[in-house]
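Inside the fold
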Amino acid sequence: DAKTTQPNSMESNEEEPVHLPCNHSTISGTDYIHWYRQLPSQGPEYVIHGLTSNVNNRMASLAIAEDRKSSTLILHRATLRDAAVYYCILIQGYSTLTFGKGTMLLVSP
Amino acid sequence: GAVVSQHPSWVICKSGTSVKIECRSLDFQATTMFWYRQFPKQSLMLMATSNEGSKATYEQGVEKDKFLINHASLTLSTLTVTSAHPEDSSFYICSARDLREPYNEQFFGPGTRLTVL
């Protein structure tokens, strides 16, 4: 499975935008880029996913580099409830989700 | 989105006893369910993949005789930790795949915190 690299942690202030980077230089053409997040003491939840084009949903935006070797999850206005560990995961077809260490996002009021 | 529940949300048991954790997909049918384990300050580690009506597939290093998985219906999978020991204390999380979804979204349960005394 292609691997992803994320910073261990990032900090943000409330109501500011947050850009969470993910490097996946060995991504294959059929790998989808998925983002999940895990709030403290909860199971992970789906955030967004994409293949080649940038994607937007009510939770976040996903910006994918033209060469697909990196992507950025964008939270447009961070809230205290967005404090979580964010996982960037590459998935082919119906392969199983494999979690790395993710990025712990700290949000200050 | 689809909902996955787990029961119990937390359990404390004595060493040597067995504990059963239930995972249910509440509003969809899940042919495949997954069991993960998460130790403090660590990431989720996949323990096994469970397909309805067939035997579970365990990840390397996970004892199938200790962690019994049953997936008897399209909405229920159970994980039984047999002869639990303190080192089995962990956060156990299940997830399920919805066949109706056109892409590979997995829905996760809220987790079960197991403490073995």
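Scroll up a little and you will see the structure.
Residues numbered from 1 in each chain as written. Chains lettered and ligands numbered in written order. Predicted model: local features only at pLDDT ≥ 70, side-chain atom pairs only at ≥ 80, totals over all residues. Heavy atoms only, no water.

**With respect to the pattern of salt bridges**
Going through the model one piece at a time under the given rule, you end up with five salt bridges over all chains. The shortest N-O distance in the salt bridge between A:D82 and A:R37 comes to 2.9 Å. With A:D82 in the loop between β7 (70-75) and β8 (84-92) and A:R37 in strand β3 (residues 31-38), this pair connects stretches of sequence that are 45 residues apart. Residue class for A:D82 comes out buried when judged on its relative accessible area of 13%. Judged by relative accessible area, A:R37 falls into the buried class, the value being 10%. Linking B:K66 and B:D88 is a salt bridge whose minimum nitrogen-to-oxygen distance equals 2.9 Å. One end of the pair, B:K66, is in the loop between β6 (57-58) and β7 (67-73); the other, B:D88, is in the loop between β8 (76-81) and β9 (90-97), and 22 residues separate them in sequence. In this pair, the class of B:K66 matches that of B:D88, namely buried. One connected set of salt bridges, linked through shared partners, spans A:R37, A:E45 and A:D82. (Salt bridge = Lys/Arg side-chain N within 4 Å of Asp/Glu carboxyl O. Helix = DSSP H or I, 4+ residues; strand = E, 2+ residues; numbered from the N terminus. Buried < 20%, exposed > 50% of the residue type's maximum accessible area, 1.4 Å probe, protein only.)

**A look at the sheet that holds β7(A)**
In spatial order, the strands read β2-β7-β6-β5 (chain A); together these four strands make up an open sheet with antiparallel pairing. The two strands at the open ends of the sheet, each matched to only one other strand, are β2 (18-23) and β5 (55-56) of chain A. (Pairing = 2+ DSSP bridges.)

**Here's the deal with the pairing of strand β1 (residues 4-7) of chain B**
Here is the key point about a regular strand: its side chains alternate between the two faces of the sheet. Residue and element names in this part refer to chain B. Only one face of β1 is buried, namely the one carrying V4 and Q6, since none of S5 and H7 on the opposite face is buried. In the sheet, β1 pairs with strand β3 (residues 19-25) via four bridges, with the strands oriented antiparallel. When the sheet's bridge partners are listed, S5 is paired in β3 with R24.

**Quick notes on the state of the cysteines**
Going through the model one piece at a time under the given rule, you end up with two disulfides over all chains. Two residues, A:C22 and A:C88, share a disulfide whose sulfurs are 2.1 Å apart. Judged by the sign of its S-S torsion, about -80°, the bond between A:C22 and A:C88 is left-handed. Of this pair, A:C22 sits in strand β2 while A:C88 sits in strand β8; the two residues are 66 residues apart in sequence, bridging distant segments of the chain. Overall, the relative accessible area of 1% leaves A:C22 in the buried class. Taking relative accessible area as the criterion, A:C88 reaches 3% and is therefore assigned buried. B:C23 shares a disulfide with B:C94; S-S distance 2.0 Å. Residues B:C23 and B:C94 share a disulfide whose torsion about the S-S bond is about 80°; that sign makes it right-handed. (Disulfide = S-S within 2.5 Å.)

**Regarding a nonpolar patch on the surface**
A surface patch of nonpolar side chains, about 390 Å² in accessible area, is lined by B:W10, B:I12 and B:L117. Position of B:W10 among the secondary structure elements: in strand β2 (residues 10-13). (Patch = residues over 30% accessible without salt bridge, like charges linked within 9 Å, V, L, I, M, F, W, Y side chains within 5 Å. Areas by Shrake-Rupley, 256 points an atom, 1.4 Å probe, with all protein chains shown as cover.)

**Here we look at the interface of chain B and chain A**
With 20 residues of chain B in contact, the opposing surface of chain A contributes 19 residues. Roughly 1,500 Å² is buried in total at the junction of chain B and chain A, and carbon and sulfur atoms are behind 55% of that figure. Here chain B and chain A share zero salt bridges between them. Put simply, chain B and chain A have five residue pairs in polar contact (both at pLDDT 80 or more) between them. Classifying every residue of the side of chain B that touches chain A by side-chain character gives ten nonpolar, six polar and four charged. (Contact = heavy atoms within 4.5 Å. Buried area = accessible area lost by both parts, 1.4 Å probe. Polar contact = N/O pair within 3.5 Å; in protein donor to acceptor, adjacent residues only side chain to side chain. Nonpolar A, V, L, I, M, F, W, Y, C, P; charged D, E, K, R; others polar.)

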